[in-house]
Each structure stands twice: as C-alpha cells, then as structure tokens.
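# Fold and contact review
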Amino acid sequence: MKTSDNNMSRKDFIRNSALAMAGLTLLPNIMTASPFFDEKNISAKGKLSLKNVRLETGFEYDEGEVSATKTDLFYVEVENGKITKISPNQPNAKAIDAKGLLMLPAFKDMHIHLDKTFYGDQWHAVRKRTGGIKGMIELEQKMLPEMLKNSTFKAEKMIELLQSKGTSFARSHVNIEPTSKLQSLKNLQKALENKKNSFGAELVAFPQHGVFYTDSALYLKEAAKMDIDFIGGVDPFNVDGDIEKVMDFTVQLALDNKKGIDIHLHETGDSGLKTVEYLIKKVNENPSLKGKTYLSHCFILAKLDEKKQEEIAEKLSEAQIGVVSTIPFGRLIMPIPTLYKHNVTVLTGNDSIVDHWNTFGTGSVLQKANLMAQLYGYSTEFLLSRSLKLATGNILPLDDKGTQQWPKAGDKADFVLLNASCSAEAVSRISNVESLVHQGNVVF
C-alpha cells in the first residue's frame, strides 16, 4: 500500500520510523486492525506526529462540586522517546489520526510474577492446597523445574498481555531459592531484553521459599549483585519463624547493595502487625531506605480497628513506606482511603495470572482502579478521576484543583490512547485500549 503524498510504502514507513526512533515495535497479529495505520500516516525526519489527540484541560463545577471534566483536541509530536510538542489541534496535518481518543499516562503493574505462570502454555487450574504456605513451597519445589523450561517464552506472552491492556511497565517479583537458584531470574531477564524496546520493568529478588527455611540467603546475596532493584521477602514469621532475623538480613542486604525493599506480607495476626512495626523501625534507623521500601499486600491493615489503621498509616507515611496491594483479596478490603489520607504511596498489580497460586487474572490494572472505586463508593466525577492514579503509578492529567499537569513537553512518551471522553469515564467503563506508546516505541 502506498501513501498518497510521498509514495512511501507501509513497510518503508515502519522501517524508517524504527531507525529514526531507536525501535518501533509492532504486534503483527493486531496491526492490521489498528485505526491508526492508514494511507495518510506519515513520519517525518524521525518525528512521530499525532493529531486529534484528546487531552483533559480542567474541571467543570456546579455549586462547588466537580460535575464534569473538560477536554479538547491537540496536536502532539514525539521524538526520541520524549513528547516534544503539544499545540492546538491541526486537523489537516500529515500525522497519525488519533480520532479523538483520550490520551492518558501509560499504566504500571507494580506487583506481578512474570517469572512463573502457565499463561501462553497449557491450561492448568489451581490444585487443592494442603499444608498452608509451607505446603505450597513443597508444591513449587516439584513444579518449578518443569516450569523453568519455557519460562522465558511465557514471560514474553504475559508481557504482551499486559501491553494489550495498556501497561508499559511492571515491577516483577522473581523467585530466588534453592530449586530455581538464579535460573528464574536469568530466564526473565532474557524475556525483558527481548521486549526492552516497548516494555520496562524493575525486579524484586523474591525468596518465595523463605530466607532461611530453605537456605535461600546465599542465592539472595548473589542476586543482589545482579541487575535487580529490590530485595524481597515473604511472611517472615509464618515461613521462617523469626521476624527480626529475617528483616535484619533483608535490610542489611538492601543497604549493602543499594537496593530497595519489597516484602510480601499476608499475615493478618499479631505477627503481621509486628512485622510492619519492625520494618518501620528499621527504615527510620536507615533513612536511605525511605521512599525505596514497600509492603506488598499488607493485609494486616484490613484487620485493624479504625484508630490503629490511622496510627499505622501515619507511621508508614513518616517512614515513606509504600503499600502495594491486590484489589480485592477474598473478603479483605484494604483501607486505601486512610492510606491516601496520610499520603502513603499506594500501588497495585495483577499479582498472579493463571499460575499455581491463582487461576484468575486479566492483566488490566485499569480494572483494579475500577474495583477500588466500586469498593469505596468513588462514583463522583472527581473521585473517579482520582482513582485513575492506581493504574498509572500516581500520575494524573489534572491535579486536585483541575490544573493540567500531564502531559508536558519533555515528558517521556509513555501513554495510552483510550476510547473514553475523560479519565473518570475510563475508570468507570474500563475503556478499551487502542494504542500504547512507550519511550518512543509504538505498540499497536
């Protein structure tokens, strides 16, 4: 197919764009269905230009209450992974026609296990569990050698699923234990290398089988010197039987290797609260860990009375410890409004997607924002628009006063285009993702 203006074929357009923008990645199975690649699409001198892009511009008010979100159409230019220009719309420009779709910050899945999944492979439902978490450790020890044989392939398929839902970045926990040793990490790193032009990630060295329960400490020390970002952990009392020993080891390993910390904490009794309080104490003693420490799940918060929730939320905020929680989890409803009230960083992710822990998982963090909004009755225009930050890693187009703060020239070209009139509608309807642009790399 030829372009009408400069006799450039679709193949030439894709090749030239790839060279100019350091990598244009297309998903062939859905490229032909894309509404963007038609005869009028042109890339000039390394720039990707889009017209008819819908952006949020402010709030409308009725008697002091936000009643609607104002939007308008714009012309946007991207070059070398950056947004270089945002200007009034140029409907007649030779540019990719975004057709009035809403541009929002790309989504971030901040708690997932890309290294162990059945996704993309033979179907498996969850098997009956016996023996609690230690029973699951025994099951994993039997299953992992077979799962590792094609874990790179399955991780790539899972990344493609996330991308199809508008996610361009993930924080993935990766098993580090005597069964996998460092192989699960190496296999996942291969998958991420293969997807690096269109997907970003940070990795958590995760001792799924306990730090000392299965002698994982040696492997964690090796992993900490590799290309990872966080030292992980899991239920230090239930698995290892010693909160302080495990947390002291984890904190010291993070300090020695200049890493962050991200601890799985499912425990909902006294041990869960003691773990939270001890981690707060250790972070306050080591301020370099502030802003780099997270508690994943942290279900104990859902079990505390309201006064204690407020107290712990305030302490988490002072220590700059974030919470990364799945939504929902069984009958537990996390006190996310209380965490937001105290300015605690709250993130979410899909966690398990079709693996031996969980049969379910859609890959959509926008759906998580929708669920959160439903759970807490966030049905107003203002609260729905604020709920979007759960999917975007706390980036919103408008601040709380309705002032536009994203996108701006110089921002990373990391965005989604959605079939929605504004972010409130996107959260409410879980609008379809039409396109993803990440670091100058377009994924259709």
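In what follows, the structure referred to is the one given above.
Structural notes, computed from the coordinates. (Residues numbered from 1 in each chain as written. Predicted model: local features only at pLDDT ≥ 70, side-chain atom pairs only at ≥ 80, totals over all residues. Heavy atoms only, no water.)

## Side note on the sheet that holds strand β6 (residues 107-112)
Strand order in this open sheet of eight strands is β6-β7-β8-β9-β10-β11-β12-β13, and the pairing throughout is parallel. The strands lining the two open edges of the sheet, one partner per strand, are β6 and β13 (346-347). Examined bridge by bridge, strand β12 (residues 321-324) and β13 share two bridges and lie parallel to one another. Within β13, the residue paired with Val323 across the bridge is Val346. (Pairing = 2+ DSSP bridges. Helix = DSSP H or I, 4+ residues; strand = E, 2+ residues; numbered from the N terminus.)

## Re the side chain of Glu56
With respect to the element layout, Glu56 can be found in strand β1 (residues 48-62). Although Glu56 is buried, it makes no salt bridge; Arg386 carries the closest opposite charge, 5.6 Å away. A polar side-chain atom of Glu56 sits 2.5 Å from the main-chain amide nitrogen of Ser423. Sequence-distant contacts of Glu56, that is, excluding residues within four places in its chain, are made with Thr69, Lys70, Thr71, Leu102, Leu104, Pro397, Leu398, Gln404, Cys422 and Ser423. (Buried < 20%, exposed > 50% of the residue type's maximum accessible area, 1.4 Å probe, protein only. Lys, Arg positive; Asp, Glu negative; His and termini not counted. Salt bridge = Lys/Arg side-chain N within 4 Å of Asp/Glu carboxyl O. Polar contact = N/O pair within 3.5 Å; in protein donor to acceptor, adjacent residues only side chain to side chain. Contact = heavy atoms within 4.5 Å.)

## Points about helix α9 (residues 270-285)
Over its 16 residues, α9 runs 23 Å from end to end, which matches the ideal 22 Å to within 8%, given 1.5 Å per residue. The complete set of buried residues in α9 reads Ser271, Gly272, Leu273, Thr275, Val276, Tyr278, Leu279, Ile280, Lys282 and Val283. (Expected span 1.5 Å × (residues − 1).)

## A word on the packing of aromatic side chains
Evaluated as defined, the whole model comprises five aromatic pairs. An angle of 70 degrees between the planes, with centres 5.6 Å apart, marks the rings of Phe212 and Phe249 as edge-to-face. With a gap of 37 residues between them, Phe212 in the loop between β8 (200-206) and α6 (217-224) and Phe249 in helix α8 (residues 243-257) connect regions that are remote in the sequence. Accessibility expressed as a relative area gives 27% for Phe212, which makes it partly exposed. Plain terms: the ring middles of Phe230 and Tyr294 are 6.0 Å apart, the flat faces sit at 75 degrees to each other, and that makes the pair edge-to-face. One end of the pair, Phe230, is in strand β9 (residues 230-234); the other, Tyr294, is in strand β11 (residues 293-297), and 64 residues separate them in sequence. (Phe/Tyr/Trp six-rings, centres within 6.5 Å; stacked < 30°, edge-to-face > 60°.)

## Side note on the environment of Lys315
Take Lys315: it is sitting in helix α11 (residues 306-319). On the basis of relative accessible area, Lys315 is assigned to the partly exposed category, the value being 33%. Residues Lys315 and Asn284, spaced 31 residues apart in sequence, show a C-alpha to C-alpha distance of 9.9 Å.

## Description of the nonpolar core
Judged by nonpolar contacts, the single largest core of 93 residues is most densely connected at Val276, Leu295, Leu301 and Leu316. Ranked by the residues each element gives to this core, the list is headed by α8, at seven residues. When residues are assigned to domains, this core turns out to be shared by domain 1 (39-100 + 394-442) and domain 2 (107-363), each giving three or more. (Core = buried A, V, L, I, M, F, W, Y, C linked by side-chain atoms within 4.5 Å. Domains from an automatic or database assignment.)

## Some remarks on the environment of Pro91
Positionally, Pro91 belongs in the loop between β3 (82-88) and β4 (96-97). Judged by its relative accessible area of 45%, Pro91 falls in the partly exposed class. When the C-alpha atoms of Pro91 and Leu73 are compared, they prove to be 9.1 Å apart, with 18 residues separating the residues in sequence. The residues touching Pro91, leaving out its near neighbours within four places in the chain, are Lys51 and Asn52.

## Side note on the pattern of salt bridges
Summed over all chains, the structure comprises 17 salt bridges. A salt bridge links Asp262 to Arg171, with the nearest nitrogen and oxygen atoms 2.9 Å apart. Taken together, the positions of Asp262 in strand β10 (residues 260-265) and Arg171 in strand β7 (residues 167-175) put the pair 91 residues apart, joining distant regions of the chain. A relative accessible area of 2% means that Arg171 is categorised as buried. Glu311 is the partner of Lys315 in a salt bridge, and the nearest nitrogen-oxygen pair spans 3.1 Å.

## A few points about unusual backbone geometry
Between Trp406 and the following residue, Pro407, the backbone shows a cis peptide bond with an omega angle of -5 degrees. Topologically, Pro407 is positioned in the loop between α15 (389-392) and β14 (415-418). The backbone phi angle of Lys99 is positive, close to 55 degrees, even though this residue is not glycine. Structurally, Lys99 is set in the loop between β4 and β5 (102-105). With phi around 75 degrees, Asn394 is a residue other than glycine that occupies positive phi space. With respect to the element layout, Asn394 can be found in the loop between α15 and β14. On the accessibility criterion, Asn394 (34% relative accessible area) is partly exposed.

## Here we look at the environment of Ile300
In this structure, Ile300 sits in helix α10 (residues 300-303). Not counting the four nearest positions on each side in its chain, Ile300 is found in contact with Leu265, Glu267, Thr268, Gly269, Gly272, Leu273 and Val276.

## Considering the pairing of β6
Of all six residues that make up β6, six are buried, and the element is covered over most of its length. Of the strand pairs in this sheet, β6 and β7 are connected by four bridges, and their pairing is parallel. Residue pairing in the sheet places Phe107 in a bridge with Thr167 of β7.

## Some thoughts on the pairing of β7
Working note: regular strand, side chains alternate between the two faces of the sheet. With respect to burial, β7 is a largely interior element, eight of its nine residues being buried. This β-α-β element, β7 to helix α5 (residues 183-194) to β8, shows right-handed connectivity. (Right-handed = clockwise from strand over helix to strand, strands pointing away.)

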